[in-house]
Amino acid sequence: MIRVRFAPSNTGYLHIGNCRVALYNYLLSKKHNGTFILRIEDTDKLRSSEEFTHNVLDSLKFLGIEWDEGPYFQSQRFNRHLEIANKLEKDGILKRSKKQGGDMKEALAYKFPYQDVEFKDELRGVIKKDKETIKNIEELVILRSDGTPTYNFCCVVDDYDMKITDVIRGEDHIENTWKQILLYRVLGWQIPRFVHLPLILGSDGKPLSKRHGHTSIDEFRKEGYVKEALVNYLALLGWSHPEGKDEFELNELIENFSIERVNKSAAIFDEKKLKWLNGIKIRKLTPKVWAERINEYNKDNPVIKNFVVKPEFYNAFKDHGETLPEVLENMKTLTSSKIEDLKLVDEIKTKKVLFDKVYDYFSNQEKLDPTSIMTLLKEIQKETGIKGKELYHTFRILITGREKGPELDKLIGIMNITLIKNRLNKFKESIQ
C-alpha cells in the first residue's frame, strides 16, 4: 500500500509551492487508496510557532486536502531519534566530532564514505553524486552540540517508522536525498521511492517569492479565490491532463493523476490564468453554496457591511466578477444610492425628458413591476425617439447608478424600489 507524507516546517505561512507538494501527495494516495500522512517538522526551535502550525492546518483544510494520519510533530519524537543515534554511536558508525561541536560539547556526526552515491528519481531518472565531490564535503551531523537531532536524520527515522513508500517533495531537496540514502544504508532500512518536483517560477523566470506578489494560500483567500480554483491551478503547475484540459473537478483530477504526467521542467505561475479559472469555478457553484461562500468572505473581509447575499441573487450576479470581492463590488448597486461617477450626471442632463419620465414613474410606484417598466420604456421610446442600446443604457444608469452590470430583467426582480427612488433623487439634486 502506498503511504505518502507532507512534512512542512512551521516557520512561515504555507507557500504555493508547499501546497502543490501536499496536493500531489494527496492525489497519489487517493488514486491508489493509500494513506496520506501530515507531519510537522518543527526542529527549528527559534522560528517554529503555533501560529504557523495553525496556518498549515487551516490552509490544508481550506483546500480540502485531508490527511489520514497525523498531524505528527517531529519534536515529539526526539526520544526515538536519540535512541537510533545512540545505537549507531555504540556500533561505531557515528563518532563525536570536535570540529562540528566546538569547545563546549561535541556533535555526533557521520563521515561520508568516499564512494559514488546514486539513486533513482521516479521523475528525473538516476541522480548521482560522485565520490570526488563527496571528499570535499564535511561530515553529516546527526546530533548537534546541544543534543538536538538534525533535519536529515529525523527525516530518515520518521519516514522509516511511518512506513513511507513514496517521498514526493521539491527539487530543492535533491541535495538532502543522497545524504539520507547514505543513512538508510547505514541503518539497513529499505529506501523509499523519491520524486522531486520542479520549481515554481515567477514571470521573470526566478523562483516564486513575495516580489512576484501573493505566495501564500492565506493571501489568495483574502483576495477572494475559491478552493476549487486553487486546487485546479496548483495541479496544473507541473502536471497536465491527458486530454489537455485546463479546467476539471477534483474527482476527475484524482482519477487522472499520475507521476508520469508530471513535467520535470519548472512551472511558471500565472495569476491571470488562476483568476480566469476562479471566475469559472465561482460560476459553477450552486446558488446556495455561491451565496454561502460570498457571505463567509464578506464577514471576514467586509466589502459591504451588514449585507447578506441571497441565493436568488445568483442569476443576476454570477457572471459579474472573477473573485468574491469583485462580485460583492458589483452588488453595491443593491445597497448604496451613491453616484460614484459624476460623469454619469452629465450624460443624464442631455436626456432630461427621459429622466423626468423615469422619475415620475417611480415616484408613483410602491413596488417593482417588470411588466409596467417595459410599458414605460416603450412610451419613452415613442415620445423621445431614444431607443435600443441607448435607451437601456441610460435607464440602467438611472436605476443602478452604473453603466455596466447584470441584465436589467434579472436585476429588477431583486432590487429595492426605495433604493431606486433615493438614487433618482440624488440624480435630480445633481442635475439641478
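Worth saying up front: this structure is predicted, and the values here are computed from it rather than measured.

(A) Quick peek at empty space enclosed by the protein. Under the criterion given, the structure shown has one cavity of 30 Å³ or more. Lining the largest cavity, in full, are Asn330, Thr333, Arg396, Thr400, Arg402, Lys404, Gly405, Pro406 and Leu411. Residues belonging to the lining of the largest cavity are distributed by class as follows: two nonpolar, four polar and three charged.

(B) Up close: the packing of helix 16 (residues 352-363) against helix 18 (residues 388-400). Look at helix 16 against helix 18: their axes get within 11 Å of each other, and the N-to-C directions meet at 50°. As far as their axial angle goes, helix 18 and helix 16 are oblique. As helix 16 runs across helix 18, the sense of the crossing is right-handed. Taken together, the residues of helix 18 that come into contact with helix 16 (itself represented by Leu354, Phe355, Val358 and Phe362) are Leu391, Thr394, Phe395, Leu398 and Ile399.

(C) How the structure looks around the sheet that holds strand 5 (residues 107-110). Across the sheet, which stays open at both edges, the three strands sit in the order 4-5-8 with antiparallel pairing between neighbours. Two strands close off the open sheet at either side, each with one partner strand: strand 4 (95-97) and strand 8 (140-143). Pairwise comparison of adjacent strand axes, ignoring direction, gives a mean angle of 55° for this sheet. In this structure, strand 4 lies alongside strand 5, joined through three bridges in antiparallel fashion. Note that in strand 5 the partner of Ser97 across the bridge is Ala107. Relative to the sheet, helix 3 (residues 78-90) contacts strand 4, strand 5 and strand 8, its axis offset from that of strand 8 by approximately 120°.

(D) Region of the structure containing unusual backbone geometry. The step from Gly70 to Pro71 runs through a cis peptide bond, and the omega angle for that step is 5°. Position of Pro71 relative to the elements: it lies in strand 3 (residues 69-73). Unlike most non-glycine residues, Lys163 shows phi in positive territory, near 55°. Looking at where Lys163 falls in the secondary structure, it is placed in the loop between helix 6 (151-161) and strand 9 (166-170). Under the relative-accessibility criterion, Lys163 is labelled exposed at 59%.

(E) Representation of the pairing of strand 7 (residues 125-129) in the model. Sheet topology note: the strand 6 (residues 117-121)/strand 7 ladder contains five bridges and is antiparallel. Across the sheet, Lys120 pairs through a bridge with Val126, a residue of strand 7. Between the end of strand 6 and the start of strand 7, which pair antiparallel, lie three residues.

(F) Up close: the nonpolar core. Within the largest apolar cluster, 101 residues are counted, with the highest numbers of intra-cluster contacts made by Trp290, Phe317, Met331, Phe362 and Phe395. Here this core gets nine residues from one element, more than from any other, and that element is helix 1 (residues 16-31). Setting aside chain neighbours within four positions, we find Phe317 in contact with Trp290, Val327, Asn330, Met331, Thr333, Leu334, Pro406, Leu411 and Ile414.

(G) Seen up close, the pattern of salt bridges. This model, assessed by the stated rule, comprises 33 salt bridges. Taking the shortest distance from any N to any O, the salt bridge between Asp158 and Arg39 comes out at 3.8 Å. With Asp158 in helix 6 and Arg39 in strand 2 (residues 35-40), this pair connects stretches of sequence that are 119 residues apart. Arg80 is the salt-bridge partner of Asp161, the closest N and O atoms lying 2.7 Å from each other. Placement of the pair is Asp161 in helix 6 and Arg80 in helix 3, with a sequence separation of 81 residues. Each of Arg5, Arg39, Glu41, Arg77, Arg80, Glu83, Asp158, Asp159 and Asp161 takes part in one network of salt bridges that share partners.

(H) Seen up close, the layout of surface pockets. Looking at the largest pocket, its volume works out to about 1000 Å³. The wall of the largest pocket is formed by 40 residues, among which Ser9, His15, Asn18, Asp172 and His173 lie closest to the centre. Within the residue set of the lining of the largest pocket, elements represented by two or more residues are strand 1 (3-6), helix 1, strand 9 and helix 8 (217-222). The residue makeup of the lining of the largest pocket, split by class, is 15 nonpolar, twelve polar and 13 charged. Looking at the second largest pocket, its volume works out to about 420 Å³. Tallying contributions element by element places helix 12 (residues 287-300) first for the lining of the second largest pocket, with four residues. Classifying every residue of the lining of the second largest pocket by side-chain character gives five nonpolar, one polar and nine charged.

Conventions adopted
Residues numbered from 1 in each chain as written. Predicted model: local features only at pLDDT ≥ 70, side-chain atom pairs only at ≥ 80, totals over all residues. Heavy atoms only, no water. 1 Å grid on protein atoms, 1.4 Å probe; cavity = no way out; pocket = protein on both sides within 12 Å on 5 of 7 lines; lining within 4 Å. Points joined across faces, edges and corners; volume = space filled by probe spheres on them. Nonpolar A, V, L, I, M, F, W, Y, C, P; charged D, E, K, R; others polar. Axes fitted to C-alpha atoms, helices over the stretch in contact; angles between N-to-C directions. Helix = DSSP H or I, 4+ residues; strand = E, 2+ residues; numbered from the N terminus. Parallel < 35°, antiparallel > 145°, perpendicular 65-115°, else oblique. Left-handed = near helix turned anticlockwise from the far one by under 90°. Contact = heavy atoms within 4.5 Å. Pairing = 2+ DSSP bridges. Buried < 20%, exposed > 50% of the residue type's maximum accessible area, 1.4 Å probe, protein only. Core = buried A, V, L, I, M, F, W, Y, C linked by side-chain atoms within 4.5 Å. Salt bridge = Lys/Arg side-chain N within 4 Å of Asp/Glu carboxyl O.

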